[in-house]
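For reference, the chains in residue letters:
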Amino acid sequence: ISQDPMDFEWSYWIEWGRERILWLLAGHLLVSQVSRLLVEKYKPWCLMVYGMAACWLLLGIKGFAVILLHATISFAVAQFQLSLLTWLCSLILLSTLRIPAVEEAKRKWYDTENEYYLLLFTVSVRCLFCTSFSLEYCWHGPAQKSSHSFLWMLAYVFYYPTFHNGPLMNFDEFSKQMRRQEAFSLKTNLSILIVGIIRIFFWWFLAELMIHLMYIHALYSSAPPLEAASYWALGGLALAQVLFFYVKYLVLYGVPALLLQMDGLKPPALPCCVSLMHSFTKMWRSFDVGLHRFLVRYIYVPMGGSQSSLLGTLFSTALTFAFVSYWHGGQSYLWYWGALNWLGVIVENGVKRILSVSVIQDLI
């Protein structure tokens, strides 16, 4: 049976995975286990060197230089220890991905569009990692600077399992866990690996089944079938789309999460099933847990969050969703998507506040 070709993200990552990325991840696993067995103390640096070599191999010397340049600029700006300046630097670096002349120059480095897109996706995710490191650097005192050196930044930025597509792990969590030296058992790790691979294969098989039999994305890309469908059918299609999105990310985040476990780190929780969700707030908290932690720690809480006034909460939430929309590409439909999600979260929290008033509770 021919598959639905309209889901670009799935087709793209599966193609790259089969060609090179899965082999490079297997290489990372080998380096990681050998370094844990023989030179636990130097594990971060072994993995850093491997990540740099994998980046060079896949993105070429120019792609590698771009990521190294982003990290160097972010680190240099972080020396001023001003959060606002760090954020300004991050947004400027992110905006360079959307300058047409720069885009054209980068396209010429590669033979195919797929290779250029790999650089684009990788640099977008690396921007978040550079921002996390730089803000942690700004917030920590001189006593902790040794654990926030440029070498640690490179170990974090070039950590290969999360390199191309995430999931996101904040620097404070990464460094604490990477520095912690635990008793290593090859037998335990092998059982974790086998169980993890079986689960990932199950999710991957389910996703392939959906994409070969359901044609959800092909239906969405054509107006006549949607116009002819009943509201019940449209509701079913919408549910099918988000369920496929959920299964897809179980695979895309499941593979790096398994490698994080093998490295002795605790990965962000995998996405929660969308069928169990009934609120915008829970969706944002439990679908992409790594991104949620990043947004809360570096945008929502510093801007006041739920501890500020009603207007302050509205503003910090709006700023969080504005960043998410801009980071995903900043196209007009993403701003609408961000605004609708912001509205959903605000309405939910407003209703919760009203229901928590004692008079209303007595009426209920």
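Residues numbered from 1 in each chain as written. Predicted model: local features only at pLDDT ≥ 70, side-chain atom pairs only at ≥ 80, totals over all residues. Heavy atoms only, no water.

Draft legend 1. A look at the nonpolar core. One finds Leu59, Phe158, Phe174 and Phe323 to be the most contacted residues of the largest nonpolar core, which totals 95 residues. Per-domain counts for this core show at least three residues from each of domain 1 (8-180) and domain 2 (269-363). Residues contacting Phe158, with those up to four places away along its chain left out, are Leu47, Met48, Gly51, Met52, Cys55, Phe64, Ile67, Leu68 and Phe163. (Core = buried A, V, L, I, M, F, W, Y, C linked by side-chain atoms within 4.5 Å. Buried < 20%, exposed > 50% of the residue type's maximum accessible area, 1.4 Å probe, protein only. Domains from an automatic or database assignment. Contact = heavy atoms within 4.5 Å.)

Draft legend 2. Molecular detail of the domain arrangement of the protein chain. If you check the domain split of the protein chain, you get domain 1 (8-180) and domain 2 (269-363). Relative placement of domain 1 and domain 2: their C-alpha centres are 27 Å apart. With both sides pooled, the region where domain 1 packs onto domain 2 buries about 1400 Å², and carbon together with sulfur makes up 64% of that total. Looking only at domain 1, the three residues that lose the most surface to domain 2 are Trp87, Arg98 and Leu128, adding up to 35% of its buried area. The interface formed by domain 1 and domain 2 contains 3 salt bridges. The partner of Glu136 in a salt bridge is Arg297, and the shortest N-O contact between them spans 2.6 Å. Between the two partners, domain 1 and domain 2, sit 9 residue pairs in polar contact (both at pLDDT 80 or more). Those elements giving two or more residues to the side of domain 1 that touches domain 2 turn out to be helix H3 (83-95), helix H5 (113-139) and helix H7 (171-179). Tallying contributions element by element places H5 first for the side of domain 1 that touches domain 2, with 8 residues. (Buried area = accessible area lost by both parts, 1.4 Å probe. Salt bridge = Lys/Arg side-chain N within 4 Å of Asp/Glu carboxyl O. Polar contact = N/O pair within 3.5 Å; in protein donor to acceptor, adjacent residues only side chain to side chain. Helix = DSSP H or I, 4+ residues; strand = E, 2+ residues; numbered from the N terminus.)

Draft legend 3. Highlighting the side chain of Thr131. Tracing the backbone through its elements, the reader meets Thr131 in helix H5. By relative accessible area, which is 2% here, Thr131 ends up buried. Residues within four places of Thr131 in sequence aside, it is in contact with Trp87, Ser90 and Phe294.

Draft legend 4. Looking closely at the UniProt feature "transmembrane region" (unreviewed entry) in the protein chain. In the numbering adopted here, UniProt assigns the feature "transmembrane region" (unreviewed entry) to residues 20-39, 46-69, 75-95, 116-135, 150-169, 190-211, 231-252 and 310-328. End C-alpha atoms of residues 116-135 are separated by 29 Å, and the span's content is 100% helix alongside 0% strand. (UniProt positions renumbered as here; feature names shortened; annotations may be inferred.)

Draft legend 5. Up close: a nonpolar patch on the surface. A cluster of nonpolar residues, Leu30, Val34, Leu37, Leu38, Val39 and Tyr42, forms a patch on the protein surface that exposes about 600 Å² of accessible area. Position of Tyr42 among the secondary structure elements: in the loop between helix H1 (8-38) and helix H2 (43-78). For Tyr42, a relative accessible area of 46% gives the class partly exposed. (Patch = residues over 30% accessible without salt bridge, like charges linked within 9 Å, V, L, I, M, F, W, Y side chains within 5 Å. Areas by Shrake-Rupley, 256 points an atom, 1.4 Å probe, with all protein chains shown as cover.)

Draft legend 6. Focus on the packing of aromatic side chains. On inspection of all chains with the given rule, the structure shows 36 aromatic pairs. Centre to centre, the rings of Tyr116 and Tyr117 are 5.7 Å apart; their planes meet at 50 degrees, and the pair counts as tilted. For Tyr116, a relative accessible area of 2% corresponds to the buried category. Residue class for Tyr117 comes out partly exposed when judged on its relative accessible area of 24%. Centroid distance Phe201 to Trp204: 6.1 Å. Interplanar angle 90 degrees. Geometry classified as edge-to-face. Pair noted here: Phe201 and Trp204 are both in helix H8 (residues 186-213), with a separation of 3 residues, about one helical turn. The class of Phe201 is exposed, set by a relative accessible area of 54%. (Phe/Tyr/Trp six-rings, centres within 6.5 Å; stacked < 30°, edge-to-face > 60°.)

Draft legend 7. Quick peek at the layout of surface pockets. When its volume is computed, the largest pocket comes out at roughly 1900 Å³. Lining the largest pocket are 48 residues; nearest its centre among them are Glu9, Phe245, Tyr249, His328 and Trp337. Contributing elements (two or more residues each) for the lining of the largest pocket: H1, H5, helix H9 (216-220), helix H11 (231-262), helix H12 (280-286), helix H14 (310-327) and helix H15 (332-356). Here the residues of the lining of the largest pocket sort into 31 nonpolar, 11 polar and 6 charged. No fewer than three residues from each of domain 1 (8-180) and domain 2 (269-363) sit in the lining of the largest pocket. Approximately 760 Å³ is the volume found for the second largest pocket. For the second largest pocket, the lining is made up of 27 residues, of which Leu22, Leu25, Ile200, Val251 and Val255 are closest to its centre. Put simply, the parts of the chain that give the lining of the second largest pocket at least two residues each are H1, H8 and H11. Its residues placed into classes, the lining of the second largest pocket shows 22 nonpolar, 4 polar and 1 charged. (1 Å grid on protein atoms, 1.4 Å probe; cavity = no way out; pocket = protein on both sides within 12 Å on 5 of 7 lines; lining within 4 Å. Points joined across faces, edges and corners; volume = space filled by probe spheres on them. Nonpolar A, V, L, I, M, F, W, Y, C, P; charged D, E, K, R; others polar.)

Draft legend 8. Looking closely at the side chain of Thr317. Its location among the elements puts Thr317 in helix H14. If we ignore the near neighbours within four places in the chain, the residues touching Thr317 are Tyr300, Trp342, Val345 and Ile346.

Draft legend 9. Representation of unusual backbone geometry within the structure. A cis amide bond links Gly166 with the next residue in sequence, Pro167, at an omega value of 5 degrees. Note on placement: Pro167 falls in the loop between helix H6 (150-157) and H7. At Gln81, a residue that is not glycine, the phi angle is positive and equals roughly 55 degrees. On the basis of relative accessible area, Gln81 is assigned to the partly exposed category, the value being 37%. Its identity as a non-glycine residue notwithstanding, Tyr215 has a phi of 50 degrees, on the positive side.

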